[in-house]
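Residue-level listing of the chains:
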Amino acid sequence: AAGCRAVIGIDALNERYEIQLRASRLPAFLATIERFPRVAVAMTVRSTYTRCFPLKGLPTTTHKGFAEHSAEAAKAYLDHRGIARPSAPNLLREFENPLFLRTCCDFLDARGLKQLPKGLTGITQLFDFYLEAVAKKVEQALKLDRYQKIPRKALAAFLAACTADDAQGVISKNLALELFERYLPSAGRADRSLLAEFLSEGVLTLDVVHGDVDAFETVRFTFERLDDHLRAKHLLSTYVDNMDVAGSFKHGPLASYVGPNACWSYAGVVEALAIQLPESFDLELFDVLPEDALDDHSLVAAFEASIAWRRPQAFTEGTLRWVEEVAKAHGKSAFGALLLVCTEPESRFNASYLHEYLMALDLPQRDAGWSAFLAEDDLGDGSPVESLIDWAW
């Protein structure tokens, strides 16, 4: 009637209904639309589901999200929302995911805040903040009693199911539905379904697994590092003997994650353990592992990554000793690790510590260590020097 095209947009074909139902109805729907030259259809579907839908012959394109400019896009989005950027050079890479970023910003808006709460500096705290944000949104959407904490309890039960020995971080969609129905019976209504709300908020994701005969769906946490951290938290709270923390890693489930052949497979969980061990027990990963663990590059990488993402208070003299040991064993400079934390006032290895350390050196010593490190640092994505300069600008 308006003399122009009308567009019907269908977001996330892979969500909400059974694969078979969507696949059988889609051809008839498209055939109907095809009779009307001024009506167009635009659909989105996750790449893992494309085999489940009759999309042949349709023009397609891949949406890459923030693509190669994720950090810049995240900063621009925070500025647009009027939210202060995190006061540290190391932007949590989950903030580069549009859905994660939007959820946190919406939660801040709802609480009348313009920046992340003070002291919210470690990745463990940030993930707790995110889960609280999701839980609040689900409570409001489903009109639940906030005192019962139904969404958080349901997510905890989902995590326990995903960390079972045979689960490998995912469970079937049918099992997930059964689990969430225990906490909030939906009577078959999508607007009362915990699973549907968690999928809508993006904290959980449906994946399709193609078998020999047909396909079936599984459910997992959307953000891999969130899953890793929740799993690490579950392992530490369940299997660590507070009287013998190191002994807890010599046998049982924890040993299976940090063994010489296993730590490559569970790199994300090992990195999370390297962050949470000092936060919870004042011990570093290498404090609870054999001496030859320093030779394992995956364990070293996990320890180095933990420096940037732990709470500032989770640094001890033992931390610095292991930073120096790792640097010495692998021909690196310890200054890279110190630059990652020097802007955090509450860190005992902050800018004041670095200044006093450097001032105490003779000029030739300082040039041989500090100046050579700055000159030889490989500037680029992930470089502590590059991150610090960019943050300062």
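Residues numbered from 1 in each chain as written. Predicted model: local features only at pLDDT ≥ 70, side-chain atom pairs only at ≥ 80, totals over all residues. Heavy atoms only, no water.

Turning to the overall build of the chain, a few remarks are in order. Along its length, the chain carries 17 helices and five strands. By residue count, 42% of the 393 residues in the chain fall in the buried class. Residue pairs in contact within the chain that sit at least 24 positions apart in sequence constitute 63% of those at least 6 positions apart. With an accessible surface of roughly 21600 Å², the chain has 53% of that area assigned to carbon and sulfur atoms. (Helix = DSSP H or I, 4+ residues; strand = E, 2+ residues; numbered from the N terminus. Buried < 20%, exposed > 50% of the residue type's maximum accessible area, 1.4 Å probe, protein only. Contact = heavy atoms within 4.5 Å. Areas by Shrake-Rupley, 256 points an atom, 1.4 Å probe, with all protein chains shown as cover.)

Okay, the nonpolar core next. By size, the foremost hydrophobic cluster in this structure holds 49 residues, and its most contacted members are Phe158, Phe180, Phe198 and Leu204. With ten residues, the top contributor of residues to this core is helix α4 (residues 123-142). Ranked by size, the runner-up nonpolar core spans 43 residues in total, among them Leu254, Ala274, Leu294 and Val326. (Core = buried A, V, L, I, M, F, W, Y, C linked by side-chain atoms within 4.5 Å.)

Further remarks concern the pattern of salt bridges. Under the criterion given, the structure shown has 14 salt bridges. A salt bridge links Lys233 to Asp128, with the nearest nitrogen and oxygen atoms 3.7 Å apart. Of this pair, Lys233 sits in helix α8 (residues 224-239) while Asp128 sits in helix α4, and the two are 105 residues apart along the sequence. Looking at Lys233, the relative accessible area reads 40%, which means it is partly exposed. Classification of Asp128 by relative accessible area gives partly exposed; the value is 28%. Each member of the salt-bridge network shares a partner with another, and the members are Arg81, Arg102, Asp106, Asp109, Lys137 and Glu201. (Salt bridge = Lys/Arg side-chain N within 4 Å of Asp/Glu carboxyl O.)

Looking now at the sheet that holds strand β3 (residues 171-172). If you trace the three strands from one edge of the open sheet to the other, you get β3-β5-β4, paired in antiparallel fashion. Two strands in the sheet have a free side with no partner beyond their single neighbour: β3 and β4 (204-210). Where β3 meets strand β5 (residues 215-221), two bridges bridge the pair, whose relative direction is antiparallel. Considered in β5, the bridge of Ile171 is made with Val219. With respect to the sheet, helix α7 (residues 194-201) is in contact with β4 and β5, its orientation differing from that of β4 by roughly 100°. (Pairing = 2+ DSSP bridges. Axes fitted to C-alpha atoms, helices over the stretch in contact; angles between N-to-C directions.)

With respect to the helices and strands, the residue Ser298 is situated in helix α12 (residues 297-309). Here Asp296 takes part through its side chain, which lies 2.5 Å from a polar atom of the side chain of Ser298. (Polar contact = N/O pair within 3.5 Å; in protein donor to acceptor, adjacent residues only side chain to side chain.)

Under the definition given, this model contains twelve aromatic pairs. Centre to centre, the rings of Phe335 and Phe373 are 6.0 Å apart; their planes meet at 40°, and the pair counts as tilted. Placement of Phe335 in helix α14 (residues 335-341) and of Phe373 in helix α16 (residues 363-376) is noted, with a sequence separation of 38 residues between them. Residue classification places Phe335 among the buried positions, given a relative accessible area of 9%. Owing to a relative accessible area of 10%, Phe373 belongs among the buried residues under this scheme. Both rings, one in Tyr353 and one in Tyr357, keep their centres 6.5 Å apart while their planes meet at 15°; by these two values the pair is stacked. Remark: Tyr357 and Tyr353 occur in helix α15 (residues 351-359); sequence separation between them is four residues, near one turn of the helix. Tyr357 gets classed as partly exposed once you look at its relative accessible area, which sits at 37%. Between Arg310 and the ring centre of Phe315, over which it is positioned, the NZ or CZ distance is 5.1 Å. (Phe/Tyr/Trp six-rings, centres within 6.5 Å; stacked < 30°, edge-to-face > 60°. Lys NZ or Arg CZ within 6 Å of the ring centre and 35° of its normal.)

Bringing the packing of α12 against helix α13 (residues 317-329) into the picture now. It is the contact of α12 with α13, at a shortest axis distance of 11 Å, that shows an interaxial angle of 130°. Classified by the angle their axes make, α12 and α13 are oblique. Where α12 crosses over α13, the handedness of that crossing is left-handed. Residues Val300, Phe303, Glu304 and Ile307 of α12 form the contact with α13, whose participating residues are Thr319, Trp322, Val323 and Val326. When its residues are assigned to classes, the contact of α12 with α13 shows six nonpolar, one polar and one charged. (Parallel < 35°, antiparallel > 145°, perpendicular 65-115°, else oblique. Left-handed = near helix turned anticlockwise from the far one by under 90°. Nonpolar A, V, L, I, M, F, W, Y, C, P; charged D, E, K, R; others polar.)

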